[in-house]
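Topology and contacts: notes
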Amino acid sequence: MEAARRGLKQHQEFKTAAFNFQPTVWKKASKQTWKPPPTGMSKINTDAAVFGDGTVGFGFVIRNAEGLVEMAGSKRTPVQGDSTFVEALAMRFAL
């Protein structure tokens with residue numbers, strides 16, 4: 001009898017959760033295009049991520065005015081920090 005009560009309770013919880021379900025709405029990515037630096041200069045683009053396992057990852061690409069890659073790199077390391085901090089690490093890594 002106890003198993004039946006637990007089963008009924010779980011079924012009711014499931015129905016409540018399913019009824020109140022709010023799907024995630026993803027915003028469409030903006031269309032951004034890379035803009036070259038002035039002639040004779042280079043441009044650094046970075047990106048970073050914070051993972052749930054206590055590590056962060058970051059990378060960079062350095063391109064010239066013609067869009068040719070001059071240097072690139074990436075790294076994953078056990079560092080604690082938010083995305084702003086990790087973006088700063090990516091810039092330091094690039095430099």
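Refer to the preceding data block for the structure.
Each chain carries its own residue numbering, running from 1 in the written order of its sequence. Local features in this predicted model are restricted to residues whose pLDDT is 70 or higher, and side-chain atom pairs enter the listing and the counts only when it is 80 or higher, whereas totals over whole chains, interfaces and linings include all residues. Side-chain numbers here rest on the full set of heavy atoms in the structure, without hydrogens or water.

Overview of the overall build of the protein chain
A run of DSSP states H or I qualifies as a helix once it reaches four residues; a run of E qualifies as a strand once it reaches two. Both are numbered from the N-terminal end. On a plain count of helices and strands, the protein chain comes out with two helices and three strands. Secondary structure elements in the protein chain, listed N-terminal to C-terminal, are α-β-β-β-α. When a residue's accessible area, from a 1.4 Å probe over protein chains only, is under 20% of the maximum for its type it is buried; when over 50% it is exposed; and in between it is partly exposed. When each of the 95 residues of the protein chain is scored for burial, the buried share is 17%. A separation of at least 24 residues holds for 40% of the contacts in the protein chain among residues at least 6 apart in sequence. Using the Shrake-Rupley algorithm and a 1.4 Å probe, accessible areas are obtained, with residue cover drawn only from the displayed protein chains. Element-wise, carbon and sulfur atoms account for 59% of the exposed surface of the protein chain, whose accessible area totals about 8000 Å². The criterion used for residue contact is that any of the two residues' heavy atoms lie within 4.5 Å.

So, helix α2 (residues 83-94)
By this rule the span expected of a helix is its residue count minus one, scaled by 1.5 Å. In a regular helix each residue adds 1.5 Å, so 12 residues correspond to 16 Å; α2 covers 16 Å between its end C-alpha atoms and thus fits that length. Here α2 has its buried residues at Val86, Leu89, Ala90 and Ala94. For α2, the arc enclosing every buried residue in end-on projection is 135°, short of the 170-degree limit, so these residues lie on one face. Opposite the buried face of α2, at more than 90 degrees from it, the exposed residues are Thr84 and Arg92. Here the arc refers to the set of directions running from the helix axis out to each C-beta atom.

Some details on the pattern of salt bridges
Side chains that differ in sign of charge can pair as their charged atoms come close. Salt bridge, as applied in this entry: a Lys or Arg side-chain nitrogen positioned within 4 Å of an Asp or Glu carboxyl oxygen. Under the criterion given, the structure shown has one salt bridge. In this structure, Arg76 and Asp53 form a salt bridge, with 3.2 Å as the shortest nitrogen-oxygen distance. One end of the pair, Arg76, is in strand β3 (residues 69-77); the other, Asp53, is in the loop between β1 (42-50) and β2 (56-64), with 23 residues separating them in the sequence. By the burial criterion, Arg76 is exposed, and Asp53 matches it.

A look at the side chain of Thr77
Within the fold, Thr77 resides in strand β3. Assessed through its relative accessible area of 16%, Thr77 is described here as buried. Sequence-distant contacts of Thr77, that is, excluding residues within four places in its chain, are made with Gly54, Thr55, Val56 and Phe58.

Section: the packing of aromatic side chains
Stacked, tilted and edge-to-face pairs are distinguished by plane angle, under 30 degrees for stacked and over 60 for edge-to-face with tilted covering the rest, among Phe, Tyr and Trp rings (Trp via its six-membered ring) whose centres lie within 6.5 Å. Under the defined criterion, the tally for this structure stands at two aromatic pairs. Ring geometry for Phe58 versus Phe93: centroids 5.5 Å apart, planes at 75°, classification edge-to-face. A residue pair is termed long-range when its members are at least 10 positions apart, and Phe58 in strand β2 and Phe93 in helix α2 qualify at 35 residues. An angle of 80° between the planes, with centres 5.6 Å apart, marks the rings of Phe60 and Phe93 as edge-to-face. Linking Phe60 in strand β2 with Phe93 in helix α2, this pair joins segments that are 33 residues apart in sequence.

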